[in-house]
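# Structure at a glance
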Amino acid sequence: MSHSTTDKPLPLLSRKANGLAGRIRVPGDKSMSHRSLMFGAVATGETRITGLLEAEDVINTAKAMAALGANVLRDDHGVWHVMGVGVGGLTSPAQPLDFGNSGTGVRLAMGLMATTPLSARCIGDASLSRRPMGRVTRPLAQFGTRFETSEGDRLPLTIHGAADAKPVTYTLPVASAQVKSAVLLAGLNTPGTTTVIEPVPTRDHTERMLASFGARISVAAKDGVRHISIEGRHELKAQELAIPGDPSSAAFPMVAALITPGSEIVIENIMLNPTRTGLFVTLEEMGASITYENRRQAGGEDVADIRVRASRLKGVRVPKDRAPSMIDEYPVLAVAASFAEGTTRMEGLEELRVKESDRLAAVEAGLQANGVMTASGPDWLEVHGGGAPGGGTVVTHMDHRIAMSFLVMGMASRIHTGIDDSRFIATSFPGFTDLMNGMGGRIETK
Ligand code: S3P
């Protein structure tokens, strides 16, 4: 990943704010943005995308799709145009594909390439190069795809797509939309029917968006377990897509407004897909004042403008089965929990260990550095509320969500909070600091 401004860490301080106010928009949904570029790349015709998240992770996906043969460009009105090559039409890139910090980018692209006879080297930054890829290479190998991986099934790796792929039926061993999606995308260019069995439901953007592109995809529930099947070797038709605001990005101003006394803000145009709204449910259980206004449809999803008022929160137990619908939101929930009355217990967190950082360890260290009492186990975290004294500098481990969460904490803590490096915020939420300061935040360079 290139950091255009500097290769040196950029520490920030976040000082106590008075009430936050304003109507804001957050950038487009990250999951939908990656998928819109990838599905557009293998459709026939020109896909047009508005509201694309223009952040480093997604730009890397756009570059990868271009390197694989699609024509990808952004016009002067901010509309992205993807001229697809058709199912099976991707070709070997001349250079390695650099996915930067993005697990979604590399894992979904591996699925997309897996059943087309091409070879590609996939690389990423130090954080991505530590993350497990075996969870994707193992099911893809069943199609006939070959991989040369680095030690421990990690990046850098080279993928050799299968020329005569065989369809696969695969039961997900982890609750991961990335693994589910990689297998379904490999099924796109595989003759016959590929099926993913999903014991624990995860975000369903791949299924919904592939259906809108005209894929022959179906979902059946058998004994409460989702079986998702895709019939391969059918063309996808280019689409016009309008990507709504990312609920995982909305989470940061939302928690900031809840914990900063006197705040009232509206976050416009937020996607409310039920596989993504676990945080909102949890915050409401904690006593948060959240109202959904102007409910409507955009990009095939329910969206609303969300009004948030500062609230007295109380600790809750967050059940394990809610984890997939809020997996990226635990760091900022932990911040909300530190301002609640009583203890919040979060369970089913094993996947947090393999995100952009070991988020369970990074969150707990950040809380403790700011005077918050915690307890944890391999897959759970308890946060003792009552307010965060602050005063600590948090190590962000190349993780955008750790960085943003602890800047939010500083807005309501007694003493400012600091983070060691803010550069990775640009992977998902460009303009974060200005947006927060525009509502009354006091985030400053150190
Ligand atoms: C994503 C799936 C999740 C999530 C990530 C985006 C996706 O990862 O953490 O930010 O777009 O499919 P896992 O599939 O590893 O749970």
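Cut-offs used in this document
Residues numbered from 1 in each chain as written. Predicted model: local features only at pLDDT ≥ 70, side-chain atom pairs only at ≥ 80, totals over all residues. Heavy atoms only, no water. Buried < 20%, exposed > 50% of the residue type's maximum accessible area, 1.4 Å probe, protein only. Helix = DSSP H or I, 4+ residues; strand = E, 2+ residues; numbered from the N terminus. Pairing = 2+ DSSP bridges. Right-handed = clockwise from strand over helix to strand, strands pointing away. Contact = heavy atoms within 4.5 Å. Domains from an automatic or database assignment. Buried area = accessible area lost by both parts, 1.4 Å probe. Nonpolar A, V, L, I, M, F, W, Y, C, P; charged D, E, K, R; others polar. Phe/Tyr/Trp six-rings, centres within 6.5 Å; stacked < 30°, edge-to-face > 60°. Lys NZ or Arg CZ within 6 Å of the ring centre and 35° of its normal. Polar contact = N/O pair within 3.5 Å; in protein donor to acceptor, adjacent residues only side chain to side chain.

Before going further, it helps to examine the pairing of strand β8 (residues 119–123). A one-sided burial pattern is seen for β8, the buried positions being Ala120 and Cys122 and the unburied ones Ser119, Arg121 and Ile123. Inspection of the sheet shows strand β7 (residues 97–98) paired to β8 by two bridges, in the parallel sense. In the sheet register, Leu97 faces β8, and the bridge partner there is Cys122. Viewed along the sheet, the connection from β7 through helix α3 (residues 103–113) into β8 turns out right-handed. Note: β8 against strand β10 (residues 154–160), four bridges, orientation antiparallel. The residue bridging Cys122 from the neighbouring strand is Leu157, located in β10.

Turning our eyes to something else, we now look at the environment of Ile415. Following the sequence through the fold, Ile415 ends up in the loop between α12 (400–410) and β25 (417–419). Given a relative accessible area of 43%, Ile415 falls into the partly exposed group. Distance from Ile415 to Asn370, taken between C-alpha atoms, is 8.9 Å for residues 45 residues apart in sequence. Apart from the residues within four sequence positions on either side, Ile415 is in contact with Pro389, Gly390 and Gly391.

Attention now goes to the domain arrangement of the protein. Parsing the protein into structural domains produces domain 1 (12–28 + 244–445) and domain 2 (30–241). Domain 1 and domain 2 are separated by 29 Å when their C-alpha centres are compared. In this complex, domain 1 contributes 28 residues to the contact, which on the side of domain 2 involves 27 residues. At the boundary of domain 1 with domain 2, total buried surface from both sides reaches about 2200 Å², with 49% on carbon and sulfur atoms. Within the side of domain 1 that touches domain 2, the residues separate by chemical class into twelve nonpolar, eight polar and eight charged.

This part covers the packing of aromatic side chains. This structure, assessed with the given rule, holds three aromatic pairs. Their ring planes at 85° and their centres at 6.2 Å tell us that Phe252 and Phe432 sit as a pair that is edge-to-face. Here Phe252, found in helix α8 (residues 247–259), pairs with Phe432, found in helix α13 (residues 432–438); they are 180 residues apart in sequence, far enough to count as distant. A residue is classified by how much of its surface remains accessible, and Phe252, at 1% relative accessible area, is buried. With centroids separated by 5.2 Å and ring planes inclined at 70°, the aromatic side chains of Phe429 and Phe432 adopt a geometry described as edge-to-face. Judged on exposure class, the residue Phe429 and its partner Phe432 are both buried. Arg345 extends its terminal NZ or CZ atom over the ring of Trp380, reaching a point 4.5 Å from the ring centre.

Turning to the side chain of Ser14, a few remarks are in order. With respect to the element layout, Ser14 can be found in strand β1 (residues 12–15). Residue class for Ser14 comes out buried when judged on its relative accessible area of 0%. Here the side chain of Ser14 touches Leu407 through a polar contact of 2.6 Å, landing on its backbone oxygen. Leaving out residues up to four positions away in the same chain, Ser14 has contacts with Leu407, Gly410, Met411, His416, Thr417, Arg442 and Ile443.

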